[in-house]
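Below, each chain spelled out in residue letters.
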Amino acid sequence: MSMNITIAVFFGGNSTEHEISIISAIQAMGYLDHEKYRIIPVYMTKQNLFYTHPDMENIESFRDIPALLKRSRRVFFLKEVNRTLMIGYPLRRFSRQEETAVDFAFPIVHGTNVEDGTLQGYLETLGLPVIGPGVLPSALGMDKAVMKSVFKDHGVPVLPCHVCTRKDWEDPERLVGTLMDSLSWPVIVKPVNLGSSIGITKASDEASLREALDLAFTFSEKVLVERAIVRLKEVNCAVLGDYEEAQASECEEPLSSDETTILSFEDKYMSGGGKGGSKQSGSMKTGGAKGSKGMASLQRRIPADISEEMRSRIRETAIKAFHALDCAGVARIDFMIDEETGELFLNEINTIPGSLSFYLWEPLGMPYPALLEKLIALAQKRAREAQKTTTSFETNILATAQIGGGKR
Ligand SMILES: Nc1ncnc2c1ncn2[C@@H]1O[C@H](COP(=O)(O)OP(=O)(O)O)[C@@H](O)[C@H]1O
Ligand SMILES: [Mg+2]
């Protein structure tokens, strides 16, 4: 059995969804084919220091992170002309360096600072092709205001919103006046760039609007205000593919307004008595994560309780949205239905969703290992295509160039 592809799985990092990312990554590593791929866990601390250790494939190791880091090796990545190495740090003075050639990076990170394209940009600059979305979709998906304008441009329905900046907030009277002239109560106020409902408040009068703005501006430079849907039904749908092909998953209905991106191993497999069918299921226990936000059982209904007509509308719109942002890999698109009017709005997109949304594919006959194989195949296809694209051309511009104006 040849083990010719090395995949470094990146997770954690400087984000409010650090812990959720650890769970997502360990679930994924548990289902990656270890006979076909060499899997290297790369844990990013909250300060974005990179560490690796084989124990990082087990959730139990993360019950005591300081102890785990003590026995782990800190690493950095070095680009050579034709390959990228992971190297132990600090360097060894008198012996051979520990170095591993890495073929693909698999970022499984959630939230601000990590799911915003910066990590992918860093990895791609280091010569590492990424599994999942590139810089552009993740960057667009991290700003709720910019995301809305791109969707609007593609005919994807979004709630109209007002975008306000900290500069606008310097004149509260005027800002509140403008907002009250054009919106009717209740409204929702949210920072453009956070997740997990942080800084989001509903306001029903002028006083609560002021408080909501005040809170939101502590989290972000940019805040959006939109009509609050009173009879709200939320439905999420994932999409898998790239610019050429895309398929929509089953729809889910989150049943609590809490962060509901993660379906724990227990939720999925223990309660039903099933085993999940993984060869590595021994490493899949998420016991240590119990009690963390969003982990309670029965937080979602799959499939969502919606009409067949609404289901197809959501799945078609999800694919349209996936293509609008030029997504790749698997994304989860979150919708809101106004049950008073029957209107459907796209609320937000998660370009690296919790648990990679594996639980939305199983009902359609795609087990998690097959989903991961598909994600890797998409990344291999993109890497092949990138090699065909010309990124440099010979020029003799430096032979004749002179810098004008400079007299040194
Ligand atoms: N316009 C709205 N009307 C009613 N509820 C909303 C609206 N926008 C957001 N919410 C509620 O707030 C939750 C969090 O908002 P969301 O935009 O998804 O932010 P986050 O990135 O924190 O998940 C949503 O899941 C929904 O329950
Ligand atoms: Mg959300």
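Residues numbered from 1 in each chain as written. Chains lettered and ligands numbered in written order. Predicted model: local features only at pLDDT ≥ 70, side-chain atom pairs only at ≥ 80, totals over all residues. Heavy atoms only, no water.

Regarding the site of ligand 1
Around ligand 1, 18 residues are found, and the nearest of them are K144, K190, S197, I229 and E234. Starting from 550 Å² of accessible surface for ligand 1 in isolation, the protein chains cover 88%. Broken down by secondary-structure element, the contributors of at least two residues to the shell around ligand 1 are strand 9 (187-191), strand 11 (222-227), strand 12 (232-241) and strand 16 (343-350). Considering only residue class, the shell around ligand 1 consists of 8 nonpolar, 4 polar and 6 charged. Each of two domains, domain 2 (144-156 + 231-255 + 299-382) and domain 3 (161-227), supplies a minimum of three residues to the shell around ligand 1. (Near = heavy atom within 4 Å. Areas by Shrake-Rupley, 256 points an atom, 1.4 Å probe, with all protein chains shown as cover. Helix = DSSP H or I, 4+ residues; strand = E, 2+ residues; numbered from the N terminus. Nonpolar A, V, L, I, M, F, W, Y, C, P; charged D, E, K, R; others polar. Domains from an automatic or database assignment.)

Overview of the sheet that holds strand 1 (residues 5-12)
Taking strand neighbours across the sheet as the criterion, the 7 strands line up as 6-5-4-3-2-1-7 in an open arrangement whose pairing is mixed. Taken across any chain shown, the strands that pair with only one partner, and hence form the sheet edges, are strand 6 (99-102) and strand 7 (104-107). With direction set aside, neighbouring strand axes in the sheet form an average angle of 35°. Sheet topology note: the strand 5 (residues 84-89)/strand 6 ladder contains 4 bridges and is antiparallel. From the neighbouring strand, L85 faces strand 6, where its bridge partner is A101. Here helix 11 (residues 368-388) sits on the sheet and contacts strand 1, strand 2 (37-44) and strand 7; the angle it forms with strand 7, its principal contact strand, is near 130°. (Pairing = 2+ DSSP bridges. Axes fitted to C-alpha atoms, helices over the stretch in contact; angles between N-to-C directions. Contact = heavy atoms within 4.5 Å.)

Concerning unusual backbone geometry
In this structure, P90 follows Y89 across a cis peptide bond, with omega equal to 0°. Structurally, P90 can be placed in the loop between strand 5 and strand 6. Here the bond from W185 into P186 is cis, since omega is -10°, no more than 30 degrees from zero. Here P186 is to be found in the loop between helix 7 (172-182) and strand 9. At N48, a position not held by glycine, the phi torsion is positive, near 60°. Mapped onto the elements, N48 comes out in the loop between strand 2 and strand 3 (50-52).

Digging into the side chain of D116
With respect to the helices and strands, the residue D116 is situated in the loop between strand 7 and helix 3 (118-125). Engagement of the side chain of D116 in a polar contact is seen with the backbone nitrogen of N113, the distance being 3.5 Å. (Polar contact = N/O pair within 3.5 Å; in protein donor to acceptor, adjacent residues only side chain to side chain.)

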